[in-house]
Amino acid sequence: MSLKGKTLFITGASRGIGLAIALRAARDGANIAIAAKTTEPHPKLEGTIYSAAEDIEKAGGKALPLVVDVREEAQVKEALDKTAAQFGGLDIVVNNASAISLSPVAQTDMKRFDLMHQINARGTFMVSKYALPHLAKSVSPHILMLSPPLDMAPKWFAPHTAYSMAKFGMSLVVLGLAGEQHGKIAVNALWPRTTIATAAVRNLLGGDALMNMSRTPDILADAAWRIFQKPKSFTGNFLIDDTFLAAEGVTDFDRYRVNPSQPLQVDFFVPDSIPAPAGVSLKALK
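Predicted model only: the values in this text are computed from it and were never measured. (Residues numbered from 1 in each chain as written. Predicted model: local features only at pLDDT ≥ 70, side-chain atom pairs only at ≥ 80, totals over all residues. Heavy atoms only, no water.)

A. Examining the overall build of the protein more closely. Each helix and strand in the protein was counted, giving 9 helices and 7 strands. For the protein, whose C-alpha radius of gyration is 18 Å, the value lies close to the compact-globule estimate of 19 Å for 286 residues. Structurally, the protein occupies a C-alpha span of about 50 × 45 × 40 Å along its principal axes. Considering the protein as a whole, with its 286 residues, one finds that 53% of them fall into the buried category. Contacts in the protein between residues far apart in sequence, at least 24 positions, make up 72% of those at least 6 positions apart. When the accessible surface of the protein is summed, it comes to about 12600 Å², and 55% of that surface belongs to carbon and sulfur atoms. (Helix = DSSP H or I, 4+ residues; strand = E, 2+ residues; numbered from the N terminus. Rg over C-alpha atoms; globule rule 2.2 N^0.38 Å. Buried < 20%, exposed > 50% of the residue type's maximum accessible area, 1.4 Å probe, protein only. Contact = heavy atoms within 4.5 Å. Areas by Shrake-Rupley, 256 points an atom, 1.4 Å probe, with all protein chains shown as cover.)

Structural data, given as structure tokens:
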């Protein structure tokens, strides 16, 4: 199994989960378009599209750094066209870019509401829309959303309705597009069972304490890599990372823990109906 010669377009790939997916593909010799906004170093956010490109090239892939705001239609279309022209086609699109703000309705600023919906739901829809003509030419095309299973439980909405609406909006694109493109393009969603050690977790959710209770982005990168090996008939799935990997024969999940001495923090939106795989402990390792 390999992604050698495949071309990926990944939104939000300058750092975190997006970059981890890019680097995993790069080790196979894949071509990766880094579609993100960060061009200058940020004091709290590691990485730019240019540093990501360097890392991808060092890992063995070919990189195309592109300044893309997924809210801007012209930028999205131009970036996808440029990617296909540069690498002779497009095989995989990863909708990873996302905005988060955890606030109840009364405390949610409408500008923040609009931002989350423009990036998460609308951005995912738009990137997918303009990728379709290019993906239609691929032998094994995939669209992957970093979004949760459609578990319509009040507990996922009550604490942060605006954010939940925006994230589930991404998953609704999966539901509709998988049906629309059935037999033509594989469309799936991937979501982590635990929090993932990213800048968002450190800066917005729980600082270093929560980082130590998280898994590394590599677990999602490994899961995504395996999804991309599947035929286009593998579609319409809402996958939890460790459950999917366990079904693929992976047994060692401890290597993804940031700090094995700390218990793992379960992420938002993980349905009760999808328990952890047998042998996977969310407790601290002794």
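B. Spotlight on the nonpolar core. Of all hydrophobic cores here, the largest spans 44 residues; its most connected members are Phe9, Val93, Ile143 and Val187. Here this core takes 9 residues from helix α4 (residues 110-135), the largest share from any one element. Grouped together as the second largest cluster of nonpolar side chains are 42 residues, Ile10, Leu220, Val250 and Val280 included. (Core = buried A, V, L, I, M, F, W, Y, C linked by side-chain atoms within 4.5 Å.)

C. Representation of the sheet that holds strand β2 (residues 31-36). Spatial strand order, β3-β2-β1-β4-β5-β6-β7: 7 strands in an open sheet with parallel pairing. Taken across any chain shown, the strands that pair with only one partner, and hence form the sheet edges, are β3 (62-67) and β7 (238-240). Put simply, the sheet's adjacent strands are angled 20° from each other on average, direction ignored. In terms of strand pairing, strand β1 (residues 7-11) meets β2 through 5 bridges, oriented parallel. Each residue of the ladder has a partner; that of Ile10, found in β2, is Ile34. Strands in contact with helix α3 (residues 73-87) are β1, β2 and β3; relative to β3, the strand with the most contacts, it is inclined by about 160°. (Pairing = 2+ DSSP bridges. Axes fitted to C-alpha atoms, helices over the stretch in contact; angles between N-to-C directions.)

D. A look at the pattern of salt bridges. What the rule picks out here adds up to 10 salt bridges. A salt bridge links Arg24 to Asp28; its shortest N-O distance comes to 3.7 Å. Each of the two residues, Arg24 as well as Asp28, counts as buried. Overlapping salt bridges, with partners in common, bring together Arg24, Asp28, Asp222 and Arg255 in one network. (Salt bridge = Lys/Arg side-chain N within 4 Å of Asp/Glu carboxyl O.)

E. Fine view of the environment of Pro149. One can find Pro149 in the loop between β5 (142-145) and α5 (154-157). On a C-alpha basis, the gap between Pro149 and Ala199 in space is 23 Å, while along the polypeptide they are 50 residues apart. In this view, Pro149 contacts Phe168, Trp191, Phe238, Ile240, Phe269 and Pro271; residues no more than four positions away in its chain are not counted.

F. Representation of the pairing of β5 within the structure. The two faces of β5 match: His142 and Leu144 on one face and Ile143 and Met145 on the other face are all buried. Across 4 bridges, the pairing between strand β4 (residues 92-95) and β5 is parallel. Following the sheet pairing, Ile92 is matched in β5 by His142. Chirality of the crossover, the property in question, places the unit of β4, α4 and β5 among those that are right-handed. In this structure, β5 lies alongside strand β6 (residues 186-191), joined through 4 bridges in parallel fashion. Pairing of Met145 across the sheet is with Ala189, part of β6. (Right-handed = clockwise from strand over helix to strand, strands pointing away.)

G. Focus on α4. When the terminal C-alpha atoms of α4 are compared, their 35 Å separation across 26 residues agrees well with the 38 Å that a helix rising 1.5 Å per residue should span. The sharpest bend along α4 comes to roughly 40°, located at Gly123. Where α4 begins, the capping side chain belongs to Asp109, and its oxygen is found 2.8 Å from the backbone nitrogen of Lys111. (Expected span 1.5 Å × (residues − 1). Bend = angle between axes of the 7 residues up to and from the residue. Polar contact = N/O pair within 3.5 Å; in protein donor to acceptor, adjacent residues only side chain to side chain.)

H. The arrangement of the packing of aromatic side chains in detail. Here the structure, examined in full by the defined rule, presents 9 aromatic pairs. Both rings, one in Phe168 and one in Phe269, keep their centres 5.1 Å apart while their planes meet at 80°; by these two values the pair is edge-to-face. Separated by 101 residues along the polypeptide, Phe168 in helix α6 (residues 161-180) and Phe269 in the segment after α9 (241-247) bring together distant segments of the chain. Note on Phe269: relative accessible area 0%, which makes it buried. Each member of the aromatic cluster is reached from another via a ring pair, and the members are Trp156, Phe157, Tyr163, Phe168, Trp191, Phe268 and Phe269. (Phe/Tyr/Trp six-rings, centres within 6.5 Å; stacked < 30°, edge-to-face > 60°.)

I. Structural detail: the packing of helix α1 (residues 16-26) against helix α2 (residues 49-59). Here α1 crosses α2 at 25°, and the two axes come no closer than 8 Å. Taken as axis vectors, α1 and α2 run roughly parallel relative to one another. In terms of crossing hand, the pair formed by α1 and α2 is right-handed. Of the residues in α2, those in contact with Leu19, Ala22, Leu23 and Ala26 of α1 are Ala52, Asp55, Ile56 and Ala59. Broken down by class, the residue content of the contact of α1 with α2 amounts to 7 nonpolar, no polar and 1 charged. (Parallel < 35°, antiparallel > 145°, perpendicular 65-115°, else oblique. Left-handed = near helix turned anticlockwise from the far one by under 90°. Nonpolar A, V, L, I, M, F, W, Y, C, P; charged D, E, K, R; others polar.)

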